[in-house]
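Remarks on the overall topology
Listed below are the residues making up each chain.
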Amino acid sequence: MSLLFTPKKIGTLELPNRFVHSATYEGMARGSGEVSDELIKRYEKLAKGGVGLIIPGYMGVHPTGRAYPYQISIDSDEMIPGLKKLADTVHREGGKIVFQLNHAGRQTTRGMIGQTPMAPSSNGRDPIYFVKPKEMAEDEIREMIKAFGAAARRAGQAGADGIQLHGAHGYLINEFLSPFFNTRTDSWGGSDENRFRFLKEVLQEIKTVVPDDFPILVKLNTHDYTPKQGITPGLAVKYAERLAALGIDGVEVSCGTGNYSYMNMCRGDVPTDEFLKALPWWQKPMGRLMIGKLEGKYELEEGYNLAAARMIKPVLGDTPLFLVGGMRTVAHMEEVLENNDADFISMSRPFIREPFLVNKIKEGKMDRVSCVSCNRCFAAIPNDLPVYCYNKGFPK
Ligand SMILES: Cc1cc2nc3c(=O)[nH]c(=O)nc-3n(C[C@H](O)[C@H](O)[C@H](O)COP(=O)(O)O)c2cc1C
Ligand code: SF4
């Protein structure tokens, strides 16, 4: 039998197969951050489709960490009933669900959160959010660590099977880990150990509020692709080693940041027209120039985080590695597992297009996913559209 359909545990949680729905922002929550019926339907379908583990789109742990208007929130107890409905729905269909916890850090706007976005350091005004963030004070760092803990507690109360900390794509945890975003010289920056401290303290806080056997995963950037050196695969190896030593239950490897290298994160075509639609008229000429320059440079190479995964796998020991990024053919997925380069195959865009793809693979009905990485689902995000497959274009 194909390794893809053999069970494997993350911590105490046994997953029936090696397919994971990587966290994917849906743009379907209510303006309040509460789970909507549209969201429930999306995950009901996915669970029916046979995927071993579902990680929904990132959930905001604090009002200052909200990235988008229709993002799920887990920042207050009022969110628990909706989150419970989500977890119960997935469980009813026989699925497992892990909540991804996130704080956007500098990757949000004043308009979204009602104050200047915060980050480990105040360096630079970035090219997407145009934000010069406020450097976090010690008490704000402590408050955010507590917020991650409270969110993890809520995830448990809502019946999630575990949590994943979003340490990738340029958000707050990634910013602390990155020598590009984090230029602090106090005990939160200046050395690998100090830059790792925020994530470590978040983990320690979470362990005080959830049961010992509650699975905790981390999505880690292996390359930030920032103008000056941020996280590189070499540094990611060191962080992964620390995570394994802390007893984490799984590491998902990804790359790219929202503000400097979003096309590294989601490789494939650059949907220039759809991205431009999201800009006000006065930004369109500059936008066309900047986005146009990216066209043709991010061809989707199958398994584009595989080289980094191969560097990280040996230091993880028994801690499972989840590989995301351009996994598209069944033969390649099988090869990755057989070579022990990863333990789980994570996908995002393919599941947007085909929620039932795992069952189809199991039945031998497909040998490659049909997503063509046109990235129009990705461009739906800045346009405030719910995330669906828009391969044929946005709705008129
Ligand atoms: C529409 C969209 C939304 C995404 N939202 C998230 C998210 O909420 N959290 C996250 O960690 N990654 C997010 N990602 C990144 C994916 O999880 C994944 O890392 C990336 O798309 C590469 O995998 P793929 O080639 O299978 O799509 C998103 C990607 C897309 C296209
Ligand atoms: S719009 Fe559809 S085909 Fe294009 S990347 Fe998204 S899921 Fe794939």
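For the structure given in this document, a descriptive report is provided here. (Residues numbered from 1 in each chain as written. Chains lettered and ligands numbered in written order. Predicted model: local features only at pLDDT ≥ 70, side-chain atom pairs only at ≥ 80, totals over all residues. Heavy atoms only, no water.)

This part is about helix H6 (residues 192-209). When the terminal C-alpha atoms of H6 are compared, their 27 Å separation across 18 residues agrees well with the 26 Å that a helix rising 1.5 Å per residue should span. Bending of H6 peaks at approximately 40° at the position of Phe198. Within the span of H6, buried status applies to Arg195, Phe196, Arg197, Phe198, Leu199, Glu201, Val202, Leu203, Glu205 and Ile206. (Helix = DSSP H or I, 4+ residues; strand = E, 2+ residues; numbered from the N terminus. Expected span 1.5 Å × (residues − 1). Bend = angle between axes of the 7 residues up to and from the residue. Buried < 20%, exposed > 50% of the residue type's maximum accessible area, 1.4 Å probe, protein only.)

This paragraph deals with the nonpolar core. The biggest cluster of nonpolar side chains holds 87 residues, and the ones touching the most others in it are Phe99, Leu101, Leu165 and Phe198. With eight residues, the top contributor of residues to this core is helix H4 (residues 138-157). Leaving out residues up to four positions away in the same chain, Leu101 has contacts with Met59, Val61, Ile74, Phe148, Ala151, Ala152, Ile163, Gln164, Leu165 and His166. If you look at the next biggest cluster of nonpolar residues, it comprises 27 residues, including Ala67, Phe275, Tyr298 and Ala380. (Core = buried A, V, L, I, M, F, W, Y, C linked by side-chain atoms within 4.5 Å. Contact = heavy atoms within 4.5 Å.)

Moving on to the site of ligand 1. Among the 25 residues in the neighbourhood of ligand 1, the closest are listed as Ala23, Tyr25, Gln100, Gly326 and Arg349. Separating a nitrogen atom of ligand 1 from a backbone N or O atom of Tyr25 is a distance of 2.8 Å. In this structure, Arg328 approaches ligand 1 through a side-chain N or O atom, which is 2.9 Å from an oxygen atom. About the coverage of ligand 1: the protein hides 98% of its 600 Å² of free accessible area. Classifying every residue of the shell around ligand 1 gives 12 nonpolar, 10 polar and three charged. (Near = heavy atom within 4 Å. Polar contact = N/O pair within 3.5 Å; in protein donor to acceptor, adjacent residues only side chain to side chain. Areas by Shrake-Rupley, 256 points an atom, 1.4 Å probe, with all protein chains shown as cover. Nonpolar A, V, L, I, M, F, W, Y, C, P; charged D, E, K, R; others polar.)

This paragraph deals with the site of ligand 2. As a matter of local geometry, ligand 2 sits amid Arg349, Arg353, Cys371, Val372, Ser373, Cys374, Asn375, Arg376, Cys377, Cys389, Tyr390 and Asn391. Listed by contribution, the elements that provide at least two residues to the shell around ligand 2 are helix H13 (349-353) and helix H15 (376-379). The residue makeup of the shell around ligand 2, split by class, is six nonpolar, three polar and three charged.

Taking every second residue as pointing to the same face, both faces of strand S14 (residues 344-347) are buried, with Phe344 and Ser346 on one and Ile345 and Met347 on the other. Where strand S3 (residues 19-21) lies against S14, three bridges are found, and the strand directions are parallel. In the sheet register, Phe19 faces S14, and the bridge partner there is Ile345. Judged from the two bridges that link them, strand S13 (residues 321-323) and S14 form a sheet pairing that is parallel. Within the sheet, the bridge partner assigned to Phe322 lies in S14 and is Phe344. (Pairing = 2+ DSSP bridges.)

Turning our eyes to something else, we now look at a nonpolar patch on the surface. A contiguous nonpolar patch, built from Met286, Leu289 and Met290 and spanning about 320 Å² of accessible area, is present on the exposed surface. Note that Met286 resides in helix H10 (residues 284-292). (Patch = residues over 30% accessible without salt bridge, like charges linked within 9 Å, V, L, I, M, F, W, Y side chains within 5 Å. Salt bridge = Lys/Arg side-chain N within 4 Å of Asp/Glu carboxyl O.)

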